[in-house]
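# Secondary and tertiary structure notes
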Amino acid sequence: MNPLQQFVAELLEQEGAVVEPIEPEGLEVLAPASLQQSLRLPELARLGFGAELPADAQRVSLESDWMERLAGLLEERGRWLEWIVAVDNPAPSSPERILQHGLELLNATYRLQGVEPAWTRYLILRFRYAAVSDEKRDGILELGFNLANAATIDEMLADLLNSVEEFGSLPTPPAGVALPPLWERRRLDTILERTLPLRIRHQLEPFFKGMYRRQERDLKRLYDYHNDLRREALERLGNLGAGRELSDRQKVEQERQQLRLEAIAREYQAKVNDLRQKYAMKVTLEWIQTLELVMPVQRLEGLIKRRKGERPFTLDWNPLTRKLEQAPCEYSYTWERPREVCDEALHLVSPAAHGPCPSCGKAYCRACHPQKCPRCQRC
Ligand SMILES: [Zn+2]
Ligand SMILES: [Zn+2]
């Protein structure tokens, strides 16, 4: 069964329907009265999910109004899930090597001090975005954090979600397990405000590029067309002969061409404005789901050293994906490497968040000074 067919079959069964698969890629549904009403279905209905429909079947696809019908049926269910999995948690064989690969610091050193089994809580958020200009793109953006240290788990997220599916959830974590606390709303909001625009821009990059190309092409076409008109009008003016006494007829022609030139310039400006509106981009983002994944990890504990300063840190190695998480950029929470360490507070930040101020050129740490540059008080 395709994933949508599978999902609809399971959901309808849960809602009390009797569901039978039929060919090609369809379901036959005997629906109870409540479901008939909420999904606007007859008692006995046939649904089709593939390119070819079974006889008398309604089409259910991501583009059909079935998405709204199913959302209405689900209401708020499926928006939030806590998944607690107890998996084998063997210690990695060479944690030094793992750290060497996983933590790249440009201006500081570190020392690994130990590895301990621990439990953690990952927060995995899913958003739906839609970008609209002359065309439309939509999609799903997923991002995950380790609540123990705000590390981002981009590189293991897909793997982690796939492997965790095999495990049933425990009702509660085992007794005596210490979990990192849930974050305050404000902390999460700040992180999302900084990281989501970066991530959406990245995900939509091919779409932006295509749009810029179309816009450039249209602008050039507009320019060429109006430039030809303008040249034509100028030629006619030139043909009237500069410096010579003009006849009355020629004077009328001269005025006509001058008015024409002005009209061409006005029309060109108006058309450029129209294009600007046509290609203005609006992106909307909507939260759809949160998964709180609670599971054991191996916690690498170390010390970052920069000049005379030292700062302890932890990074978790995940036993299911056998990967180390990415040290967070404590300003932008970007997925990109590497990291630098600031002098003031030994923050871990990306080079962009530790770069020069666009006004005065002095490099500063955005985690220390999120509002503006400490030297010139701008930006
Ligand atoms: Zn500055
Ligand atoms: Zn800092």
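Figured I'd write up the structure that's included with this text. (Residues numbered from 1 in each chain as written. Chains lettered and ligands numbered in written order. Predicted model: local features only at pLDDT ≥ 70, side-chain atom pairs only at ≥ 80, totals over all residues. Heavy atoms only, no water.)

### Concerning the coordination of the zinc ion (ligand 2)
Protein coordination at the zinc ion (ligand 2): the donors are Cys342 (SG), His347 (ND1), Cys365 (SG) and Cys368 (SG), at 2.1 to 2.3 Å from the metal. The coordination sphere of the zinc ion (ligand 2) comprises 4 donor atoms, whose angles at the metal cover 99 to 115°; the geometry is tetrahedral. Here the donor residues of the zinc ion (ligand 2) share one chain and are spaced in sequence as C-x4-H-x17-C-x2-C. The two residues Cys342 and His347 agree in class, both being buried. (Donors = N, O, S within 2.8 Å, 3.2 Å for Na, K, Ca; no water. Tetrahedral: all angles 85-135°; square planar, octahedral: opposite > 155°, others 65-115°. Buried < 20%, exposed > 50% of the residue type's maximum accessible area, 1.4 Å probe, protein only.)

### Focus: the environment of Leu320
Within the secondary structure, Leu320 is located in the loop between strand E9 (309-318) and strand E10 (323-324). C-alpha separation for the pair Leu320 and Thr190, spaced 130 residues apart in sequence, amounts to 30 Å. When sequence neighbours within four positions are dropped, the list of residues in contact with Leu320 reads Val87, Leu160, Ser163, Val164, Phe167 and Met295. (Helix = DSSP H or I, 4+ residues; strand = E, 2+ residues; numbered from the N terminus. Contact = heavy atoms within 4.5 Å.)

### Brief notes about the sheet that holds strand E2 (residues 26-30)
Spatially, E1-E2-E3-E4 is the arrangement adopted by the 4 strands of the open sheet, whose pairing is mixed. Here the strands that pair on one side only, and so sit at the sheet edges, are strand E1 (18-22) and strand E4 (58-59). In this structure, E2 lies alongside strand E3 (residues 44-48), joined through 5 bridges in antiparallel fashion. Bridge assignment links Leu30 to a residue of E3, and that residue is Leu44. Seen against the sheet, helix H1 (residues 3-14) touches E1, E2 and E3 and runs at an angle of roughly 10° to E2. (Pairing = 2+ DSSP bridges. Axes fitted to C-alpha atoms, helices over the stretch in contact; angles between N-to-C directions.)

### Side note on the pattern of salt bridges
Any two side chains of opposite charge can pair if their charged atoms end up close together. Tallying each qualifying case throughout the model produces 26 salt bridges. Across the pair Arg46 and Glu28 runs a salt bridge whose closest N-O atoms are separated by 3.0 Å. With Arg46 in strand E3 and Glu28 in strand E2, this pair connects stretches of sequence that are 18 residues apart. Between Asp218 and Lys278 there is a salt bridge, and its shortest N-O distance comes to 3.3 Å. Placement of the pair is Asp218 in helix H7 (residues 205-239) and Lys278 in helix H8 (residues 248-278), with a sequence separation of 60 residues. (Salt bridge = Lys/Arg side-chain N within 4 Å of Asp/Glu carboxyl O.)

### A few points about the coordination of the zinc ion (ligand 1)
The protein atoms donating to the zinc ion (ligand 1) are Cys357 (SG), Cys360 (SG), Cys373 (SG) and Cys376 (SG), with metal-donor distances spanning 2.3 to 2.4 Å. Coordination at the zinc ion (ligand 1) is tetrahedral: its 4 donor atoms span angles of 106 to 113° at the metal. Mapping the donors of the zinc ion (ligand 1) onto the primary sequence yields the spacing C-x2-C-x12-C-x2-C. With Cys360 in the segment after strand E12 (348-349) and Cys376 in the segment after E12, the pair connects residues that are 16 residues apart, well separated along the chain.

### As for the packing of aromatic side chains
Evaluated as defined, the whole model comprises 4 aromatic pairs. With a centroid separation of 5.7 Å and an interplanar angle of 50°, the aromatic rings of Phe145 and Trp183 are classed as tilted. With a gap of 38 residues between them, Phe145 in strand E7 (residues 136-146) and Trp183 in the loop between helix H5 (154-164) and helix H6 (185-203) connect regions that are remote in the sequence. As far as burial versus exposure is concerned, Phe145 and Trp183 are alike and both buried. Joined through ring pairs, the aromatic side chains of Phe145, Trp183 and Tyr333 make up one cluster. Its guanidinium or amino end placed over the ring of Trp183, Arg187 lies 4.3 Å from that ring's centre, counting from NZ or CZ. Looking at Arg366, its charged tip hangs above the ring of Tyr364, at a distance of 4.0 Å from the centre. (Phe/Tyr/Trp six-rings, centres within 6.5 Å; stacked < 30°, edge-to-face > 60°. Lys NZ or Arg CZ within 6 Å of the ring centre and 35° of its normal.)

### So, the side chain of Asn149
Within the fold, Asn149 resides in the loop between E7 and H5. A polar contact of 3.1 Å, which involves the side chain of Asn149, links it to the backbone nitrogen of Ala151. Reaching out from Asn149, the side chain makes a polar contact with the side chain of Glu325 at a distance of 2.8 Å. Not counting residues within four places of it along the chain, the set of residues in contact with Asn149 comprises Thr314, Leu315, Asp316, Glu325 and Pro328. (Polar contact = N/O pair within 3.5 Å; in protein donor to acceptor, adjacent residues only side chain to side chain.)

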